[in-house]
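# Fold and contact review
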Amino acid sequence: MHPNQNSSRSSEAELASGEEEQPSIGAKILHRLRQPETTSDMLLAIKGVIAGTAAWALSVFVLESDVAFMAPWTALLTVHATVHRSLSRGVQTVVSSAVGMGLAFVILQFFDVNIWSFALALLVGLVGARLSWIRDEGVAIATTAIFILTSSEPMFADRILELLVGVGVGIAVNMLIIPPLQNQQASRYVDNINRRIGAVLVEMADEFSESWTTDSADEWLKDTESMSKELNSAWQTVRFARESERKNPRKLLLRRGKKMHEDVSYEEILTRVDEGISHLRNLTRTLREAAYTSGGWDERFRTGWVSVARDTGLAVADPDESVEPLYDRLRKLTSDMSEAENLPNIEWPTYGALIASLRHIIIIVDDVASARGARQTD
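Computed from a predicted structure; not experimentally measured. (Residues numbered from 1 in each chain as written. Predicted model: local features only at pLDDT ≥ 70, side-chain atom pairs only at ≥ 80, totals over all residues. Heavy atoms only, no water.)

## Concerning the overall build of the chain
The helix and strand inventory of the chain stands at 16 helices and zero strands. The burial tally for the chain puts 41% of its 378 residues in the buried class. When the accessible surface of the chain is split by element, carbon and sulfur atoms take 58% of a total near 20100 Å². (Helix = DSSP H or I, 4+ residues; strand = E, 2+ residues; numbered from the N terminus. Buried < 20%, exposed > 50% of the residue type's maximum accessible area, 1.4 Å probe, protein only. Areas by Shrake-Rupley, 256 points an atom, 1.4 Å probe, with all protein chains shown as cover.)

So, in structure tokens, the structure goes:
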């Protein structure tokens, strides 16, 4: 695109954005609170409060413990983002805390509690925390030893009972109070990446309908790199979502309540989206290289390709649209151009590359669109 066209579009965009009403602070806060990530964090905090308070109440009013610190502390350590993690970390907490109690018992039996024995307990506890099978909660060895050594009445049997109560309460709270399923976050990532791919295709078609500079292609390449980074975040979210489904009673209830979409997985969707980004990047590089070639474009090709590319971008952003007509239109464009006379031979490899890349993207759009039901699963 020519520089003056870039400036005019930028000015129009700035005027349009200036005329739009900016959301209020309250609206921004409300929007933030409605985000799935915020809801999950708040729910996790609430469950931690419930678990810690319930464990403390059991220690004080049922076990009648004079120093009821172990139960609420281990309950907080056990409440994690997923049920599977609560179970595995809960086991590690029990083992680590039990080892810490044993360490404190040895120190109390064979040494006086002084600066050297206290330091020795911390050293042994922190070294033991490096063991791979308790690494996540291994620091509980040292902290439990600290609690016992600084307590006026160690009472190991009571501490062990409080430990078990705390871990049990933490696991129970995380399993019974809306155990998290992270499919909604994964779906938002997928939809956002698709919208970005579609936006680039639409912009590409709009600019190619006239002319462009390498600056435009460079910006599109930056966009594809940003999409790849967001895709990595999407993969992390999907892995976390898979973990959130393990040993989750809510998952069992959902299976009973409605048929789950098991024919297409998020992993398959993200793999196809990754391929779409790759083809979009290749398409962008082809256009960037074409900016250096001399000669004009065949208007039949430009008009037909721009139309299909723009509609493909809209279909990526909204998978409800059927993409079969797009594939037929691109195939017709290929046939028409193949039979055309006086085609600029020097540009034909570029035309073929643009058609091939767009064809792959259309096929991927079709695959992702057919998996829309799976993406909407929560």
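Picking up where we left off.
## Focus on the nonpolar core
Counting residues in hydrophobic clusters, the biggest one holds 44 residues, and the most contacted among them are I197, L280, F301 and W305. Among the elements of the structure, α9 (183-208), α10 (214-245), α12 (266-290), α13 (299-317), α14 (324-339) and α15 (348-370) are those that each provide at least two residues to this core. Residues within four places of L280 in sequence aside, it is in contact with I197, V200, L201, M204, T224, M227 and I361. (Core = buried A, V, L, I, M, F, W, Y, C linked by side-chain atoms within 4.5 Å. Contact = heavy atoms within 4.5 Å.)

## Structural notes on the packing of aromatic side chains
Per the stated rule, a full pass over the model turns up six aromatic pairs. Consider the rings of F301 and Y351, whose centres lie 4.2 Å apart with planes at 10°: the pair is stacked. Taken together, the residues span a long stretch of sequence, with F301 in helix α13 and Y351 in helix α15 at a distance of 50 residues. Of the two residues examined, F301 and Y351, each falls in the buried class. Three or more aromatic residues joined by ring pairs make a cluster, and in this case those are F69, W73 and F147. Against the face of F208 rests R302, its NZ or CZ located 5.4 Å from the ring centre. (Phe/Tyr/Trp six-rings, centres within 6.5 Å; stacked < 30°, edge-to-face > 60°. Lys NZ or Arg CZ within 6 Å of the ring centre and 35° of its normal.)

## Considerations on α10
Taking 1.5 Å per residue, 32 residues should reach 46 Å; α10 reaches 46 Å between its end C-alpha atoms and fits that length. K247 sits one or two positions beyond α10 and adopts a positive phi of about 55°. (Expected span 1.5 Å × (residues − 1).)

## Things to note about the pattern of salt bridges
Under the definition given, this model contains twelve salt bridges. A salt bridge links E230 to R196; the nearest nitrogen and oxygen atoms lie 2.7 Å apart. Linking E230 in helix α10 with R196 in helix α9, this pair joins segments that are 34 residues apart in sequence. The partner of K222 in a salt bridge is E219, with the nearest N and O atoms 3.9 Å apart. In this pair, K222 and E219 are both assigned in helix α10, three residues apart and thus about one turn of the helix distant. Linked through salt bridges whose partners overlap, the residues forming this network are R89, D136 and E137. (Salt bridge = Lys/Arg side-chain N within 4 Å of Asp/Glu carboxyl O.)

## What about a nonpolar patch on the surface?
A cluster of nonpolar side chains, F105, V106, F110, F111, L120, L123, V124 and V127, forms an exposed patch at the surface whose accessible area comes to about 760 Å². Broken down by secondary-structure element, the contributors of at least two residues to the nonpolar patch are α5 (83-110) and α6 (115-128). The element that contributes the greatest number of residues to the nonpolar patch is α6, accounting for four residues. Position of L123 relative to the elements: it lies in helix α6. (Patch = residues over 30% accessible without salt bridge, like charges linked within 9 Å, V, L, I, M, F, W, Y side chains within 5 Å.)

## What about the side chain of S357?
When you line up the elements, S357 lands in helix α15. Judged by its relative accessible area of 3%, S357 is buried.

## Looking at a negative patch on the surface
Together, E64, D66, E153 and D158 give the surface a local cluster of negative charge. With respect to the helices and strands, D66 occurs in the loop between α3 (36-62) and α4 (70-78). We classify D66 as exposed; its relative accessible area is 70%. (Lys, Arg positive; Asp, Glu negative; His and termini not counted. Charge placed at Lys NZ, Arg CZ, Asp CG, Glu CD.)

## Quick look at the packing of α4 against helix α8 (residues 156-176)
Helix-helix packing is characterised by the crossing angle of the two axes and by the distance between the axes. Between α4 and α8, the least distance of the axes is 7 Å, while the angle of their chain directions is 35°. Note on packing geometry: the crossing formed by α4 with α8 is right-handed. Seen from α4, the contacting residues are M70, A71, T74, A75 and T78; seen from α8, they are R159, E162, L163, V165, G166, V167, G170 and I171. Its residues placed into classes, the contact of α4 with α8 shows seven nonpolar, four polar and two charged. (Axes fitted to C-alpha atoms, helices over the stretch in contact; angles between N-to-C directions. Left-handed = near helix turned anticlockwise from the far one by under 90°. Nonpolar A, V, L, I, M, F, W, Y, C, P; charged D, E, K, R; others polar.)

## Topic: α13
Over its 19 residues, α13 extends 27 Å from the first C-alpha to the last, a length consistent with the 27 Å expected when each residue adds 1.5 Å. All of the buried residues along α13 are F301, R302, W305, V306, V308, A309, T312, G313, A315 and V316.

## What to know about the environment of S152
If you trace the backbone, S152 turns up in the loop between α7 (140-149) and α8. On the basis of relative accessibility, which here comes to 73%, the residue S152 falls in the exposed class. The sequence separation of S152 and V67 amounts to 85 residues, and the corresponding C-alpha distance is 9.5 Å.

## Some remarks on the confidence of the model for the chain
On average, residues of the chain score 79 in pLDDT, and 77% of them are at 70 or above. Scored below 50 in pLDDT, residues 1-20 shows 14 contacts in the model against residues more than four places distant or in partner chains. Overall, residues 256-263 carries pLDDT values under 50, and its contacts beyond four positions in sequence, including any with other chains, amount to ten contacts. (pLDDT = per-residue confidence, 0-100.)

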